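Overview (structure and organization)
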Amino acid sequence: MEFIISGQAGVFASLKPAALYSLDGEAPVALKGHNLGLAFHGCSDTKRIAVHSVDQARRECELSWAKDRSLRCILQFLDPTEEPSDRLEFAECAEELIRDFSTRAFLLDQLSCSPLPDLTDFTLVANIKTSCPETWSILDEVLANQPIIRTVSEALQNKLKEFLDDPKQRAAMFDALRVRVSVRWHSYERRTSTSTAGISGTSLSRLRRAL
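Residues numbered from 1 in each chain as written. Predicted model: local features only at pLDDT ≥ 70, side-chain atom pairs only at ≥ 80, totals over all residues. Heavy atoms only, no water.

Residues I74, F77, L111, I138 and L139 are the most contacted members of the largest nonpolar core, which totals 21 residues. Sorting the residues of this core by element identifies α2 (54-77), α3 (84-101), α4 (104-111) and α5 (133-144) as the ones contributing at least two each. The element contributing the most residues to this core is α3, with five residues. Sequence-distant contacts of I138, that is, excluding residues within four places in its chain, are made with I98, R104, L107, L108 and L111. Among the nonpolar cores identified, the runner-up in size contains 15 residues, and I5, I49, W65 and L97 belong to it. (Core = buried A, V, L, I, M, F, W, Y, C linked by side-chain atoms within 4.5 Å. Buried < 20%, exposed > 50% of the residue type's maximum accessible area, 1.4 Å probe, protein only. Helix = DSSP H or I, 4+ residues; strand = E, 2+ residues; numbered from the N terminus. Contact = heavy atoms within 4.5 Å.)

Below is the structure:
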């Protein structure tokens, strides 16, 4: 069976017959083949997979969903425009997702692709060292590695200028290269477990509905 999944959208679709599934376990919605693209419009994480069952496709999609949401939670935790109480709740949500879905390696890859924005606020990181140790550990490592991340990022961009004149081509190539560099850097930490144990807690229930 072939499916298209997207963690950003939180849905997955079978190709034959064409049907759209949600992670909530509701009945699938029949689709016409040409409408499949509309279901994933604007998503950058769509991928096509071959599995043996709908349940297996659901597990793969839920893992992609957990990766996307854990990254969103960390970015919102670092956002100085959010209320401090909300930021701490985002850290708690990230912690649950990291623990239940083993998203640590993914987060390190994504957060190490390029330097964090200048407005990133680390002032609350110390507050979560005890309550959210996994989230704290990731942010501590990313912060410590900012100098080398910045150096590698600038070197890649300067080298690309020597070969590509088109800014759009340079940007696309840079995005592809920086992910490969980041994945290689953190490959030793990649876990084999992809557990999709059930999520508990009211904070993640709200998160599933809101994001």
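From this point, the discussion proceeds with the structure in view.
A word on the environment of A91. Its place among the elements puts A91 in helix α3. In the structure, A91 is positioned 43 residues away from E134 in sequence and 9.8 Å away in space, judged by C-alpha atoms. If sequence neighbours within four positions are ignored, A91 has contacts with F77, I128, C132 and T135.

The alternating pattern of strand β2 (residues 11-14) places V11 and A13 and F12 and S14 on opposite faces, both of which are buried. Here strand β1 (residues 2-6) pairs with β2 via four bridges, running antiparallel. Counted as the bridge partner of I4 is A13 from β2. Between β1 and β2, which pair antiparallel and follow one another directly, the connecting turn spans four residues, one of which, G10, has a positive phi of 70°. Strand direction decides the pairing type here: β2 and strand β3 (residues 19-22), joined by four bridges, are antiparallel. From the neighbouring strand, S14 faces β3, where its bridge partner is A19. Linkage of β2 to β3, two consecutive antiparallel strands, is achieved through a turn of four residues. (Pairing = 2+ DSSP bridges.)

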